[in-house]
Amino acid sequence: MKTIGIFGGGQLGSMLTQSIFKLGGNVCIYDESKNSVCSRQVAKFYQGSYHDETNLQEFNSNCDILTYEFENIPYTTVSKFSDKTIPNSNILKICQNRIYEKQFLQNHNLPIVRHIIIENEHELEEQLRAFSFPLILKSAKGGYDGKSQYIFNSEAEFKLLATQIINNPRFFPAVAEEKISLSKEVSCIIAQTQDGNIINFPIIENVHHDNILEYSICPARINTELSKTIIQYSTQIVKAFNLIGLLVIEFFLSTNSPKSDLSIDNTHIFINEIAPRPHNSGHLTIKACNLSQFDVLARILLNMPCNQPELILSGSICMINIFGESFLNNPNGNLNFQNCALSKNLIDLNIYGKTQAKLGRKMGHLTVNHIDAMSAIELAKILKASLSS
Ligand code: ADP
Ligand code: MG
């Protein structure tokens, strides 16, 4: 039986662990926090700093293959074990830094939003003034769920926060992107097996609120041609990386932006970012597809064959995130499962078991299946609201 080591023991690591267990694999987890989601799930759980050489070596000695569940694991930690890490650590290095990621995409002639690189705090004011508002300022490293980024619709808005940002040199280097008018956001989950088979999931549509994913819908409401182009771009990225493993590419679609090279039905496509791991938008694949994003990655890690995953449900599927608010808004701080338990359309409910509910913290998700996207979204929102009743 092979042992897969996962850097990071949050909900993504937990769902991947379940898929590896189903295939008879063993799992070792390494996380900085002793209370992480996976700590109750696996026999071999290593708690320690990502810079603790001895602990890391011991973890490694127990594992046949290593992977990571999020891209903010230090590159220097993962690269020590590059000979057995999937996806390879060079991919991690590029994807965990927005500057490297944009350079990589640009070098491969893939469409990205107009942007500038701001190396340090001294350049900030001058560079932003020379760029155009509205813009989004993002730290090159460490951000997730809309963290470490600022939206500035005007120079006046920027001025209010300028001193605060300049006084935080750790925010730099950074990128400033043109804030484009989005008609849709979608993601493509794509993977390559160890024997070179490239497979992808149906395109998923994502709706964000305050720059955090609120819900995802599958199939995405886009036409076949757009979908084909998105898959083509994604395949190009897999080949350019020489990827073995799974990655998820976030796309912006805009009907109101003349600056991308490519337009299909007046829709411009931009690649936003690449996650070299399973993704929040893919949680609906757990019940909607014959193989989930975690099953596919588990097969690749265990060097098993894998066919193209397919939807096994008709109509539309909607996954909605459950945040700390759902707990905090409930009078007794728990969740009320009454309505969810009775709903025939609820196909998945997963509460991750995090020890503390916080505003904006992802605590779980639920997934519904309905006749069309509007009905699925409406029901998902109703069921989510009922958790706090
Ligand atoms: P994170 O790593 O936190 O997911 P993203 O770069 O994906 O950061 O930004 C989060 C969300 O913010 C995006 O999904 C999108 O809704 C919005 N956003 C980010 N950049 C832009 C942009 N250039 N124009 C318009 N909206 C954007
Ligand atoms: Mg994102």
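Let me begin by describing the structure that accompanies this report. Here the structure is a predicted model, which is why all the values come from computation and not from measurement.

### Concerning the site of ligand 1
Near ligand 1 you find 19 residues, and of these K138, G146, E178, E185 and N272 are the closest. Interatomic distance of 2.6 Å between a side-chain N/O atom of K138 and an oxygen atom of ligand 1. I180 is positioned with one of its backbone polar atoms (N or O) 3.0 Å from a nitrogen atom of ligand 1. Contact with the protein chains removes 93% of the 540 Å² of surface that ligand 1 exposes when unbound. Going through the elements one at a time, strand 6 (135-139), strand 8 (174-178), strand 13 (245-254) and strand 15 (267-275) are the ones with two or more residues in the shell around ligand 1. Residue composition of the shell around ligand 1, by class: five nonpolar, five polar and nine charged. Structurally, the shell around ligand 1 is a two-domain feature, drawing no fewer than three residues from each of domain 2 (114-178) and domain 3 (184-386).

### Remarks on the coordination of the magnesium ion (ligand 2)
Here the magnesium ion (ligand 2) is held by E250 (OE), E250 (OE) and E273 (OE), and the distances to it run 2.0 to 2.7 Å. One end of the pair, E250, is in strand 13; the other, E273, is in strand 15, with 23 residues separating them in the sequence. Relative accessible area serves as the criterion here: at 13%, E250 is assigned to the buried category.

### Quick look at the environment of I198
In this structure, I198 sits in strand 10 (residues 198-200). Separated by 149 residues in sequence, I198 and S49 have C-alpha atoms that sit 35 Å apart. In this structure I198 touches I190, A191, Q192, T235, V238, K239 and Q308, once residues within four positions along its chain are discounted.

### Looking at the sheet that holds strand 8
Spatially, 5-8-6-7 is the arrangement adopted by the four strands of the open sheet, whose pairing is antiparallel. Strands at the two margins of the open sheet, each flanked by one partner only, are strand 5 (115-118) and strand 7 (149-152). Within the sheet, the average angular offset between the axes of one strand and its neighbour, ignoring direction, is 20°. The sheet contacts of helix 5 (residues 98-107) involve strand 5, strand 6, strand 7 and strand 8, and relative to strand 8 the element is tilted by about 55°. Where helix 7 (residues 155-166) meets the sheet, it contacts strand 6 and strand 7, and its direction lies at approximately 155° from that of strand 7.

What counts and how
Residues numbered from 1 in each chain as written. Chains lettered and ligands numbered in written order. Predicted model: local features only at pLDDT ≥ 70, side-chain atom pairs only at ≥ 80, totals over all residues. Heavy atoms only, no water. Near = heavy atom within 4 Å. Polar contact = N/O pair within 3.5 Å; in protein donor to acceptor, adjacent residues only side chain to side chain. Areas by Shrake-Rupley, 256 points an atom, 1.4 Å probe, with all protein chains shown as cover. Helix = DSSP H or I, 4+ residues; strand = E, 2+ residues; numbered from the N terminus. Nonpolar A, V, L, I, M, F, W, Y, C, P; charged D, E, K, R; others polar. Domains from an automatic or database assignment. Donors = N, O, S within 2.8 Å, 3.2 Å for Na, K, Ca; no water. Buried < 20%, exposed > 50% of the residue type's maximum accessible area, 1.4 Å probe, protein only. Contact = heavy atoms within 4.5 Å. Pairing = 2+ DSSP bridges. Axes fitted to C-alpha atoms, helices over the stretch in contact; angles between N-to-C directions.

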